[in-house]
Amino acid sequence: LCDAAATRPLRDAVLPPIEELLTALGPARGLYEAATVSETVDGSECVCHLEPEEGALLGRLDVVLPPGVTGVTAQAGRRVSPVAGQTTITERASTLFQHGSPVDPSTQWTRSAAAFFQGNRFLTGDLVALVLSQTQGGRAVDAYAGVGLFAVALAARGMTVTAVEGDVISGEDLQYNASAARAGFEVLRSSVEEALSNMATETADTLVLDPPRTGVSPEALAAVIRLNAQRLVYVSCDPAPLARDAKG
C-alpha cells in the first residue's frame, strides 16, 4: 500500500481503517501484491481493491470491515471478484460538484475501485463542469469514456451521447451507468481506433477525448480528424502527449 499522505487523494481518516482492514485479512494478506483504494468525494463509500499474486485467488471472506470501509474486491483475471461488503461506490452530482451542479443533482456514477476515475477528488467536479461548458450542439462522442464521467454528465444535459471504452472493467461500469441514464446514450465497447473509424463523418457536434497518459495513437488521431466534429474537447494529464497530438 503506497503512502498517499503527501498528495492527500484520500481523506486522512480513511488511511488507518485501510491498514486495519489489511491486517484483518490475516493469511489472505500474503496472497496479494497491491491494493487500490477508491472513495466517493464525500467519503461516504470506500472500497479497497486487491491485486493477488500470480495464480492466487481470493474468494468471499468473513471479514469485519472497519468503519469508513464499505467493501473489498479482488482481481480475478480481467474481472472483479467480491471479497467482503459492497463491490462498487456511487458518486452523486450533489456531492461531486462542490461549486454548484451543472446537471440534475440526482445524476450519479457507479464504479468499481478497479476502474479508472479522475484521481483528484477536489477537482473532478470542476473538470466535468469545464468540459460541459466547452461543448456545443446536441450530439456528443466521448472517446476513452472510462466509467462515463463526462458521458453521463453530457447525457444529463440532454445531449445524445455515444461513449467508447475498450477496458473490460471500466466498460462494464459504463454500460451500467448508461442503462441508468436517460435515453439516447449508446455504449461502444471497443478500441477508440475501431469505433471512430467505423463512424460516419460529422456524426458528432462535440467530440470529447480523455486518453491515457500516453495520449492518442496515430490511428485514433486520424479517425478523429476524419470524423470532422464541430468541437473537439481534449482532456490531458500530460502536456507532452497533448502537444504532440495537437501538432499532429
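Residues numbered from 1 in each chain as written. Predicted model: local features only at pLDDT ≥ 70, side-chain atom pairs only at ≥ 80, totals over all residues. Heavy atoms only, no water.

1. A closer look at helix α5 (residues 168-180)
Part 1 of the argument: Between its first and last C-alpha, α5 extends 19 Å over 13 residues, near the 18 Å set by a 1.5 Å rise per residue.
Part 2 of the argument: Next to the buried residues of α5 lie β3 (71-76), β4 (79-85), β6 (108-112), α4 (149-156), β8 (160-164) and β9 (185-188).
Part 3 of the argument: You can read the cap of α5 off the contacts: a side-chain oxygen lies 3.2 Å from the backbone nitrogen of isoleucine 169, and it is on aspartate 167. (Helix = DSSP H or I, 4+ residues; strand = E, 2+ residues; numbered from the N terminus. Expected span 1.5 Å × (residues − 1). Contact = heavy atoms within 4.5 Å. Polar contact = N/O pair within 3.5 Å; in protein donor to acceptor, adjacent residues only side chain to side chain.)

2. Some words on the layout of surface pockets
Part 1 of the argument: Estimated volume of the second largest pocket: approximately 520 Å³.
Part 2 of the argument: The wall of the second largest pocket is formed by 29 residues, among which Phe116, Tyr144, Asp210, Pro211 and Pro212 lie closest to the centre.
Part 3 of the argument: Elements supplying a minimum of two residues to the lining of the second largest pocket: α4, α5 and α6 (192-197).
Part 4 of the argument: The residue makeup of the lining of the second largest pocket, split by class, is 15 nonpolar, eight polar and six charged. (1 Å grid on protein atoms, 1.4 Å probe; cavity = no way out; pocket = protein on both sides within 12 Å on 5 of 7 lines; lining within 4 Å. Points joined across faces, edges and corners; volume = space filled by probe spheres on them. Nonpolar A, V, L, I, M, F, W, Y, C, P; charged D, E, K, R; others polar.)

3. Some details on the pattern of salt bridges
Part 1 of the argument: Within the structure shown, the criterion is met by five salt bridges.
Part 2 of the argument: Put simply, arginine 139 and aspartate 205 hold a salt bridge, and the shortest N to O gap is 2.9 Å. Of this pair, arginine 139 sits in strand β7 (residues 139-143) while aspartate 205 sits in the loop between α6 and β10 (206-209), and the two are 66 residues apart along the sequence. (Salt bridge = Lys/Arg side-chain N within 4 Å of Asp/Glu carboxyl O.)

4. Observations regarding the packing of helix α3 (residues 124-133) against α4
Part 1 of the argument: Closest axis-to-axis distance for the α3/α4 pair is 10 Å, and the angle between their directions is 55°. By the criterion of interaxial angle, the relationship of α3 to α4 is oblique. Here α3 runs over α4; the crossing is right-handed. Contacts between α3 and α4 pair Thr124, Leu127, Val128, Val131 and Leu132 from the former with Leu149, Phe150, Ala153 and Leu154 from the latter.
Part 2 of the argument: The class makeup of the residues in the contact of α3 with α4 is eight nonpolar, one polar and no charged. (Axes fitted to C-alpha atoms, helices over the stretch in contact; angles between N-to-C directions. Parallel < 35°, antiparallel > 145°, perpendicular 65-115°, else oblique. Left-handed = near helix turned anticlockwise from the far one by under 90°.)

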